[in-house]
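Topology and contacts: notes
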Amino acid sequence: MVSTEDKKTGVIDEILPRTSSLIRPPVANVSQVAVVFATENPRPNLLIIDKFIAACEESGLEILICINKTDLNAGKEYEEIYQRAGFEVIPLSATEKINIKTLKDKLKDKITVFAGNSGVGKSSLLNSVFGEEFFRTGEVSEKVERGRHTTRHSELLPLPFGGYIIDTPGFSSFDIAKIPPEDLHLYFRDFALFDTRCKFPDCSHTVEKGCSVLEALQKGEIEKTRHENYTYLYNELKNIKKW
Ligand SMILES: Nc1nc2c(ncn2[C@@H]2O[C@H](COP(=O)(O)OP(=O)(O)OP(=O)(O)O)[C@@H](O)[C@H]2O)c(=O)[nH]1
Ligand SMILES: [Mg+2]
Ligand SMILES: [Zn+2]
């Protein structure tokens, strides 16, 4: 008889539950996502960022906003948008080693996946965290301000001070197609104070006159870009559903 060992086949004893999952990047059991973008080169696309954040919220992940390349442009406006929306924000510079200590403190004892467009400096930030050139980094093409997808696989590495990090290849799009449009507002944490107060039971919080989310927007209590991106994504999800 041939043993399992000889046949080089394995037996699955147990399938552990996945505490969190993301469609892209393909990693499981992550406790936190560091959403990385650069203030410049490449400029941030807040629609893609808000879409990614919504998908992370839906997965129940902790979110850390990492604003890199603040040596090129301070990017205070981005810091304000996400701080006011209720996120933890760290302004960083991998090259000038700005706030790396703060980043390290936030990574300690957690499994953090680094996600963000190609060229924003995810691998560079991680090299600063390790204090060594662990990860290969690549230039950003000047002409199109696009990264070169230097990191090709997701890599999990233990941190010397506790916890794990996962460097991922840059992404340019992220799928939130599984979120029903009527649930999308739940994944915009800055709407939470207002959507519960909305007097319309089936409100989309996009155009309805008298909607409390729109009133908060008008009073400046919700960031304009956040609501704009919410509306765009809401309509996108609605159109997907029709097909
Ligand atoms: N000025 C400046 N440049 C930076 C900073 N961080 C990274 N860079 C540069 O940006 C380029 C891209 O950095 P990477 O770390 O390779 O970016 P990435 O996000 O890992 O890119 P992918 O692996 O393609 O997803 C490199 O030329 C880095 O030297 C920063 O804080 N300031
Ligand atoms: Mg990389
Ligand atoms: Zn409403």
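Notes on the structure in this doc start here. By convention here, each chain's residues receive numbers from 1 onward along its written sequence. Each chain is given a letter, starting from A, and each ligand a number, starting from 1, according to the order in which they appear as written. Only residues with pLDDT of 70 or above have their local features reported here, since the model is predicted, and side-chain atom pairs are shown and tallied only from 80 upward, although totals for entire chains, interfaces and linings are computed over all residues. Just so you know, side-chain values use all the structure's heavy atoms and leave hydrogens and water out.

**Quick word on the coordination of the zinc ion (ligand 3)**
Only nitrogen, oxygen and sulfur atoms count as donors, using a 2.8 Å cut-off from the metal that widens to 3.2 Å for Na, K and Ca. Water is left out, so coordination shells may look unfilled. Protein coordination at the zinc ion (ligand 3): the donors are Cys198 (SG), Cys203 (SG), His205 (ND1) and Cys211 (SG), at 2.1 to 2.4 Å from the metal. Coordination geometry of the zinc ion (ligand 3): the 4 donor atoms subtend angles of 104 to 117 degrees at the metal centre, consistent with an arrangement described as tetrahedral. One chain supplies every donor to the zinc ion (ligand 3), and in sequence these donors are spaced C-x4-C-x1-H-x5-C. Across this residue pair, the class does not change: His205 and Cys211 are buried. Just to be clear on the cut-offs, tetrahedral is four donors with all angles between 85 and 135 degrees, square planar is four donors and octahedral six with opposite donors over 155 degrees apart and all others between 65 and 115, and anything else goes down as irregular. The buried label applies to any residue whose accessible area, calculated with a 1.4 Å probe on protein chains only, is under 20% of its type's maximum; exposed applies above 50%, and partly exposed to all values in between.

**A short note on the sheet that holds strand 3 (residues 88–91)**
Whether two strands pair comes down to DSSP finding at least two bridges between them. Helix and strand assignments follow DSSP, with helices taken as H or I runs no shorter than four residues and strands as E runs no shorter than two, numbered in order from the N terminus. If you trace the 6 strands from one edge of the open sheet to the other, you get 3-2-1-4-6-5, paired in mixed fashion. Across the chains shown, the open sheet's two edge strands, defined by having one partner strand only, are strand 3 and strand 5 (155–158). In this sheet, neighbouring strand axes are inclined to one another by 25 degrees on average, regardless of whether the strands run parallel or antiparallel. Pairing analysis gives 7 bridges linking strand 1 (residues 32–38) to strand 2 (residues 62–68), with the strands arranged parallel. Bridge pairing links Phe37 to Ile67 in strand 2. For this analysis, residues touch if any pair of their heavy atoms sits within 4.5 Å. Fitted lines through C-alpha atoms serve as axes, helices being fitted only where they are in contact, and the angles separating the N-to-C directions of these axes extend from 0 to 180 degrees. Running at roughly 175 degrees to strand 1, helix 2 (residues 46–58) makes contact with strand 1, strand 2 and strand 4 (111–115) of the sheet. Each of strand 1, strand 2, strand 4, strand 5 and strand 6 (164–167) is contacted by helix 5 (residues 122–130), which is oriented at about 150 degrees to strand 6, the strand it contacts most.

**What to know about the nonpolar core**
Take the buried residues of types Ala, Val, Leu, Ile, Met, Phe, Trp, Tyr and Cys, join any two whose side-chain atoms come within 4.5 Å, and each joined set is a nonpolar core. Among the nonpolar cores identified, the biggest contains 22 residues, and Val33, Val35, Ile53, Ile65, Tyr82 and Phe87 are the most heavily contacted of them. Broken down by secondary-structure element, the contributors of at least two residues to this core are strand 1, helix 2, strand 2, helix 3 (76–84) and strand 4. In terms of residue count, the dominant contributor to this core is helix 2 (5 residues). Among residues more than four places away in sequence, those in contact with Ile53 are Val35, Ile63, Ile65, Tyr82, Phe87 and Arg226. By size, the runner-up hydrophobic cluster in this structure holds 20 residues, among which are Ala34, Phe114, Phe130 and Ile165.

**Observations regarding the pairing of strand 5**
As defined by bridge partners, strand 5 adjoins strand 6 across 4 bridges and the pair is classed as antiparallel. Bridging across to strand 6, Leu156 finds its partner in Ile166. With antiparallel pairing between neighbouring strands as the criterion, strand 5 and strand 6 make up a hairpin whose turn holds 5 residues, including Gly162 at a positive phi of roughly 105 degrees.

**What to know about helix 2**
The terminal C-alpha atoms of helix 2 lie 18 Å apart, and with 13 residues this matches the ideal 18 Å at 1.5 Å per residue to within 8%. With 11 of its 13 residues buried, helix 2 lies for the most part within the structure. Among the residues of helix 2, Leu46, Ile48, Ile49, Asp50, Lys51, Phe52, Ile53, Ala54, Ala55, Cys56 and Glu57 are the ones counted as buried. Within 3.5 Å is the distance limit for a polar contact, defined as a pair of N or O atoms, with the added protein rule that one can donate a hydrogen and the other accept it, and that residues adjacent in sequence qualify only through two side-chain atoms. The backbone nitrogen of Leu47 lies 3.0 Å from a side-chain oxygen of the residue at the head of helix 2, namely Asn45. Immediately downstream of helix 2, the backbone of Gly60 shows phi near 75 degrees, a positive value. Here, expected helix span is obtained from the residue count minus one, scaled by 1.5 Å.

**A closer look at the pairing of strand 3**
Relative to strand 3, strand 2 runs parallel, the two sharing 4 bridges. Bridge pairing in strand 3 places Ile65 opposite Val89. By the criterion used throughout, a crossover qualifies as right-handed when its path from the first strand across the helix to the second strand runs clockwise, the strands pointing away from the viewer. Crossover strand 2 to strand 3 through helix 3 is right-handed.

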